[in-house]
Amino acid sequence: MTDVFGHEQVVFCADRQSGLRAIIAIHNTALGPGLGGTRFYPYESEQAALADVLNLSRGMAYKNALAGLDLGGGKAVIIGDPAKDKSEALLRAYGRFVESLGGRYITACDVGTYSEDMDLVARESRFVTGRTVANGGAGDSSILTAFGVFQGMRASAQQVHGTPSLRGLRVGVEGVGKVGHRLVDLLIEDGASVVVCDVSPHAVELVRQRHPAVEVARSATELIAFDLDVYAPCALGGTLDDDSVAALRARIVCGAANNQLAHPGVEKQLEERGILYAPDYVVNSGGVIQVADEIQGFNMDRARAKAAQIYDTTLKIYAIAAEEGVPPAVAADRLAERRMSEVGRLRGIWLGG
């Protein structure tokens, strides 16, 4: 396939004995080494895995830029079923490949991988974040991911309703896994009413045990058709397509899922329908802020304060969108590209040595 995103480096990794098949993609290093998680997923084909890692690593470049981090965009995927194929040998073999890139790529957790997995990867590589607290890491990055999405939602409520409070608003959360269930906690605490759906009945039941008043939709399709104020996609990407946008009744879309727009042009459809879209890679950057803080020795207060700035960044993007007459997704891209260009060019200033 043609790499339409212009990546700097794409590395295919294989270790036959452990069964490792992985791809590491570095989109750009204009701001620093590429940082992004490792996704362990049973892709239908290597081609599907490649398409995903290219898309995800590009998103990380933009996410890290708008999060104010001196880090570029990178991502990795391991092909396989983590429930069956994950092993110490496989993760440590993967760590050797990460190490072989000499720091151009720094890995962390993503779908199918956890802090305990990163501890194993780190036994073979120095370039690992998202480790367990016991090993000096930040632990579960879903804490600040959910917090950041909540800040983006508050900014969106300010933009639409003139107040940053979610009190009295009805929010539909699609996907109540690691991030979604934490987001529900924050929404309930702020006075919102919540509707949830998830492919896992167990995940839904856990939320209902904590918050019995939460409503449940039988499917994502049913949830989108609910009378909502805010729709929060927090599962896998691509949920916003022609059909779902046409059925959507919410005034705001703000969620944790990556790559929510199924194809280019969806952002214009949302705008034409009067739906405010909070760009996913802006509002879900709390997790990468959390793991990036590990690089200098993790401090939760410092990381949380930086994640709180997602509120201001989201409002800034809405202001640029209004000023330039473009959808927020386009405004966010422009702001990220501006930082990559303006700060990245400083690498051309020779420091000697």
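Read on for an overview of the structure. (Residues numbered from 1 in each chain as written. Predicted model: local features only at pLDDT ≥ 70, side-chain atom pairs only at ≥ 80, totals over all residues. Heavy atoms only, no water.)

### Brief notes about the overall build of the chain
Put simply, the rule is: Helix and strand assignments come from DSSP, with helices taken as H or I runs of at least 4 residues and strands as E runs of at least 2, each series counted from the N terminus. Between the two quantities, the radius of gyration covers C-alpha atoms and the globule rule is 2.2 Å times the number of residues to the power 0.38. Here's how the labels work: a residue is buried when its accessible area is under 20% of the maximum for its type, exposed when over 50%, partly exposed in between, all with a 1.4 Å probe on protein chains only. Whether two residues touch is decided by their heavy atoms; if any such pair falls within 4.5 Å, the residues are in contact. Values of accessible area rely on a 1.4 Å probe in the Shrake-Rupley scheme; residue burial ignores everything except the protein chains shown. Counted as positive: Lys and Arg. Counted as negative: Asp and Glu. His and the chain ends are not counted at all. Charge positions are represented by NZ for Lys, CZ for Arg, CG for Asp and CD for Glu.
Within the chain, the regular secondary structure consists of 15 helices and eleven strands. Against the 2.2 N^0.38 benchmark of 20 Å for 353 residues, the chain shows a C-alpha radius of gyration of 20 Å, consistent with a compact globule. Overall, the chain is about 55 × 50 × 40 Å in size when its C-alpha atoms are taken along their principal axes. Among the 353 residues that make up the chain, the fraction classed as buried is 53%. Pairs at least 24 apart in sequence give 65% of the contacts found in the chain among residues at least 6 apart. On the chain, roughly 15400 Å² of surface is accessible, and the fraction owed to carbon and sulfur atoms is 50%. Looking at the chain, you have 35 positive and 43 negative side-chain charges, and the mean spots of the two groups are 3 Å apart.

### Remarks on the side chain of Ser 115
Here Ser 115 shows up in helix α4 (residues 115-121). We classify Ser 115 as buried; its relative accessible area is 10%.

### A few points about the packing of aromatic side chains
Keep this limit in mind: Centres within 6.5 Å make a pair out of two Phe, Tyr or Trp rings, where for Trp the six-membered ring is used; the pair is then stacked when the planes are under 30 degrees apart, edge-to-face when over 60, and tilted otherwise. Counted as over-ring charges are cases with an Arg CZ or a Lys NZ within 6 Å of the ring centre that also lie within 35 degrees of the ring normal.
Taken as a whole and judged by the stated rule, the model has two aromatic pairs. For the pair Tyr 41 and Tyr 43, a centre-to-centre distance of 5.0 Å together with 65° between the ring planes defines the contact as edge-to-face. The interplanar angle of 70° and the centroid separation of 5.8 Å between the aromatic rings of Tyr 62 and Tyr 281 together place this pair among those described as edge-to-face. Placement of Tyr 62 in helix α1 (residues 46-66) and of Tyr 281 in helix α11 (residues 280-283) is noted, with a sequence separation of 219 residues between them. Judged on exposure class, the residue Tyr 62 and its partner Tyr 281 are both buried. Over the ring of Phe 147 we find Arg 304; its NZ or CZ atom is 3.9 Å from the centre of that ring.

### Overview of the sheet that holds strand β11 (residues 276-277)
Note the threshold: Strands are treated as partners if at least two bridges between them are detected by DSSP. To obtain each axis, a line is fitted to C-alpha atoms, and for helices this fit is confined to the stretch in contact; angles are then taken between N-to-C directions over 0 to 180 degrees.
In spatial order, the strands read β8-β7-β6-β9-β10-β11; together these six strands make up an open sheet with parallel pairing. Two strands close off the open sheet at either side, each with one partner strand: β8 (215-216) and β11. Bridge analysis of strand β6 (residues 170-174) against strand β7 (residues 193-197) gives five bridges, and the strand direction is parallel. Across the sheet, Arg 170 pairs through a bridge with Ser 193, a residue of β7. Sheet strands touched by helix α6 (residues 180-190): β6, β7 and β9 (230-233). Its angle to β6, the strand with the most contacts, is close to 170°.

### A closer look at empty space enclosed by the protein
Going by this rule: Only protein atoms enter the 1 Å grid used here. Points where a 1.4 Å probe fits but cannot escape make up a cavity, open sets with protein on both sides within 12 Å along at least five of seven lines make up a pocket, and a residue lines them when an atom lies within 4 Å of a point. Grid points are joined across faces, edges and corners, and a volume is the space filled by probe spheres set on the points. Residues are grouped as follows: Ala, Val, Leu, Ile, Met, Phe, Trp, Tyr, Cys and Pro are nonpolar; Asp, Glu, Lys and Arg are charged; all remaining types, including Gly, are polar.
Applying the stated criterion to the full structure yields one cavity of 30 Å³ or more. Each pocket or cavity is described by its volume, and for the largest cavity that value is around 40 Å³. Lining the largest cavity are Glu 267, Leu 270, Glu 271, Ile 275, Tyr 277, Pro 327, Pro 328 and Ala 329. At the level of elements, α10 (266-272) and α15 (328-344) are the ones that each hand at least two residues to the lining of the largest cavity. Per element, the largest residue contribution to the lining of the largest cavity is three residues, and it comes from α10. Here the residues of the lining of the largest cavity are counted per class, giving six nonpolar, no polar and two charged.

### Digging into the pattern of salt bridges
Going by this rule: Salt-bridge detection follows one rule: a side-chain nitrogen of Lys or Arg within 4 Å of a carboxyl oxygen of Asp or Glu.
In total, this model carries 19 salt bridges according to the counting rule given. A salt bridge links Asp 119 to Arg 131; the nearest nitrogen and oxygen atoms lie 2.9 Å apart. Residue Asp 119 is found in helix α4, and its partner Arg 131 is found in the loop between α4 and α5 (142-161); the two are separated by twelve residues along the sequence.

### Quick word on the packing of α5 against helix α12 (residues 286-293)
Under the convention used in this document: Angles below 35 degrees are treated as roughly parallel, those above 145 as roughly antiparallel, those between 65 and 115 as roughly perpendicular, and all remaining angles as oblique. When the near helix sits turned anticlockwise from the far one by under a right angle, the crossing is termed left-handed; a clockwise turn instead gives a right-handed crossing.
Put simply, α5 and α12 touch, their axes get as near as 6 Å, and they point 140° apart. Accordingly, the angle class assigned to the pair α5 and α12 is oblique. In the packing of α5 onto α12, the handedness of the crossing is right-handed. Residues Ile 143, Leu 144 and Thr 145 of α5 form the contact with α12, whose participating residues are Gly 286, Gly 287 and Gln 290. In terms of residue class, the contact of α5 with α12 is made up of two nonpolar, four polar and no charged.

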